[in-house]
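# Structural overview
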Amino acid sequence: MNREQALRIVEKQLTKKRYEHTLGVVSATVELAKQYGVDVQKAELAAIFHDYAKCMATDEMEKIIRDNHLSADVLTYNKELWHAIVGAYLVEHEVGIKDQDILQAILYHTSGHENMTKLDKIIYVADYIEPGRNFPGVDRARQLAGEDLDKALLFALKNTISFLAEKESLIYPFTFQAYNKIIRTFGG
Ligand code: DGI
Ligand code: FE
Ligand code: FE
């Protein structure tokens, strides 16, 4: 599938605002893929589809997760996590993309994961720093992304964990596991 076909498919699934966010993630992803030596076409497709399920009703997402036994525990955590799991499932079974690297990048794009590939990290970081994002610290995140992918990932994970803890929200274990893994790679 080429870029234009993919964009036409996701545009139908998303609100205008979410589609614009997706285009931002695509441009950030292409830059990072070039910089860090990842297949640009593959990375671009992962970016285009990363929020495929973002605009679905939560009861519909819940049903897809239950009916297909996609995850035993995610339903007991924040609903924000669900669109990544449902997205990976639908991009495979509804859109027909079979590339496991792309599907995994979509699956881990919200929670992170202990064993993230370079592509998974690129999508996670691109989602965080895309040009439409505007939050305190985003410029620092952009700067780190230009210097070291793992440092940018750590910055995003750390801020997300702090943000969730500040709200006294639940935090999905994958997010801690991703954080711990990267701290270990830095010798912590
Ligand atoms: O879909 P997007 O808005 O583009 O971004 P995303 O898929 O990374 O979702 C981010 C939101 O998910 C962010 O506001 C934090 C929230 N969230 C809720 N629970 C968790 C979580 N993020 C992580 N990493 N881990 C959680 O347990
Ligand atoms: Fe998302
Ligand atoms: Fe996103």
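To start, this report covers the structure provided alongside it. A quick note: this is a predicted structure, and the numbers were derived from the prediction, not measured.

Procedures and definitions
Numbering of residues starts from 1 in every chain and runs along the sequence as written. Key to labels: chains lettered from A, ligands numbered from 1, both in the order written. With pLDDT at 70 or above as the cut-off, local features in this predicted model cover only qualifying residues; side-chain atom pairs require 80 or more to be listed or tallied, and sums for whole chains, interfaces and linings still use all residues. Hydrogens are left out, water is left out, and the side-chain values use all remaining heavy atoms of the structure. By the criteria applied, helices consist of DSSP H or I runs no shorter than four residues and strands consist of E runs no shorter than two, each listed in order from the N terminus. Note that the radius of gyration is over C-alpha atoms, with the globule rule given as 2.2 Å times the number of residues to the power 0.38. Only protein chains enter the accessibility calculation, which uses a 1.4 Å probe; a residue whose area is less than 20% of its type maximum is buried, one above 50% is exposed, and one in between is partly exposed. Residue contacts follow a heavy-atom distance rule, with two residues in contact if any of their heavy atoms lie within 4.5 Å. Here the Shrake-Rupley method, with its probe set to 1.4 Å, supplies the accessible areas, and only the displayed protein chains count as covering residues. Put simply, buried Ala, Val, Leu, Ile, Met, Phe, Trp, Tyr and Cys residues joined by side-chain atoms within 4.5 Å make one nonpolar core. For Na, K and Ca the donor cutoff is 3.2 Å, while for all other metals N, O and S atoms must lie within 2.8 Å; water is not among the atoms, so some sites may look incomplete. In this analysis, the expected span of each helix is defined as 1.5 Å times one less than the number of residues it contains. Working definition: residue near molecule or strand if any one of its non-hydrogen atoms lies within 4 Å of it. Any pair of nitrogen or oxygen atoms within 3.5 Å is treated as a polar contact; in protein, a donor-acceptor pairing is required on top of that, and neighbouring residues in sequence qualify only through side-chain atoms on both sides. Whether two aromatic rings pair depends on their centres lying within 6.5 Å, for rings of Phe, Tyr and Trp, where Trp uses its six-membered ring; planes under 30 degrees apart make the pair stacked, over 60 edge-to-face, and the rest tilted.

## Some thoughts on the overall build of the chain
- A count of helical and extended segments in the chain gives 10 helices and zero strands.
- Seen in sequence order, the chain has helices and strands lined up from the N terminus as α-α-α-α-α-α-α-α-α-α.
- Computed over C-alpha atoms, the radius of gyration of the chain comes to 16 Å, within 12% of the 16 Å expected from 2.2 N^0.38 for 188 residues, which places it in the range of a compact globule.
- Along the first, second and third principal axes, the C-alpha set of the chain runs to 40 × 35 × 30 Å.
- A burial count over the chain gives 46% of its 188 residues as buried.
- Sequence separation of 24 or more characterises 61% of the internal contacts of the chain that already satisfy a separation of 6 or more.
- Accessible surface computed for the chain: about 9,800 Å², of which carbon and sulfur atoms make up 49%.

## So, the environment of Ala57
- Position of Ala57 among the secondary structure elements: in the loop between helix 3 (40–49) and helix 4 (58–67).
- According to the relative accessible area criterion, Ala57 is partly exposed, its value standing at 37%.
- Taking the C-alpha atoms as reference points, Ala57 and Arg8, 49 residues apart in sequence, are found 21 Å from one another.

## A closer look at the nonpolar core
- With 62 residues, the main nonpolar core has Leu32, Phe49, Val86, Val125 and Ile129 as its most contacted residues.
- When near neighbours in sequence (up to four residues on either side) are disregarded, Phe49 contacts Met1, Ala6, Ile9, Val10, Val91, Val95, Ile97 and Ile106.

## Quick notes on the coordination of the iron ion (ligand 2)
- On the protein side, the iron ion (ligand 2) has Asp51 (OD), His83 (NE2) and His109 (NE2) as donor atoms, found 2.1 Å from it.
- Along the chain, the residues that donate to the iron ion (ligand 2) are spaced as D-x31-H-x25-H.
- Between the iron ion (ligand 2) and the iron ion (ligand 3) the interatomic distance amounts to 3.6 Å, and Asp51 serves as a bridging ligand to the pair. With a gap of 58 residues between them, Asp51 in the loop between helix 3 and helix 4 and His109 in the loop between helix 6 (100–107) and helix 7 (118–129) connect regions that are remote in the sequence. Of the two residues, Asp51 and His109, both sit in the buried class.

## Points about helix 5 (residues 82–95)
- The end-to-end C-alpha separation of helix 5 is 18 Å, in line with the 20 Å expected for 14 residues at 1.5 Å each.
- In terms of residue burial, helix 5 counts as a mostly covered element, since 10 of its 14 residues are buried.
- By the burial criterion, the buried members of helix 5 are Trp82, His83, Ala84, Ile85, Val86, Gly87, Ala88, Leu90, Val91 and Val95.
- Residues of helix 5 that are buried make contact with helix 1 (3–13), helix 3, helix 4 and helix 6.
- Backbone geometry just after helix 5 places Gly96 at a positive phi near 95°.

## Some points on the site of ligand 1
- Near ligand 1 lie 20 residues; those nearest to it are Lys54, Thr110, Arg133, Tyr172 and Thr175.
- The separation between an oxygen atom of ligand 1 and a polar side-chain atom of Arg133 is 2.9 Å.
- Tyr172 is positioned such that a nitrogen or oxygen atom in its backbone is 2.7 Å from an oxygen atom of ligand 1.
- Computed on the free molecule, ligand 1 has an accessible area of 590 Å², of which 86% lies beneath the protein chains in the complex.

## Description of the side chain of His83
- Tracing the chain through its elements places His83 in helix 5.
- For His83, a relative accessible area of 4% gives the class buried.
- Looking at His83, its side chain comes within polar contact range of the main-chain oxygen of Glu80, at 2.8 Å.
- Those residues in contact with His83 that lie beyond four places of it in its chain are Asp51, Ala53, Lys54, Met61, His109 and Thr110.

## A short note on the coordination of the iron ion (ligand 3)
- Looking at the iron ion (ligand 3), the protein donor atoms are His21 (NE2), His50 (NE2), Asp51 (OD) and Asp127 (OD), and they sit 2.2 to 2.3 Å from it.
- Expressed as a motif, the donor residue spacing for the iron ion (ligand 3) is H-x28-H-D-x75-D.

## So, the packing of aromatic side chains
- Within the structure shown, the criterion is met by five aromatic pairs.
- Ring centres 6.3 Å apart and planes at 80° place the aromatic pair Tyr108 and Phe174 in the edge-to-face group. Taken as a pair, Tyr108 in the loop between helix 6 and helix 7 and Phe174 in helix 10 (residues 173–185) lie far apart in primary sequence, 66 residues in all.
- Here Tyr108 falls in the buried class, since its relative accessible area comes to 12%.
- Residue Phe174 is classed as partly exposed on the basis of its relative accessible area of 27%.

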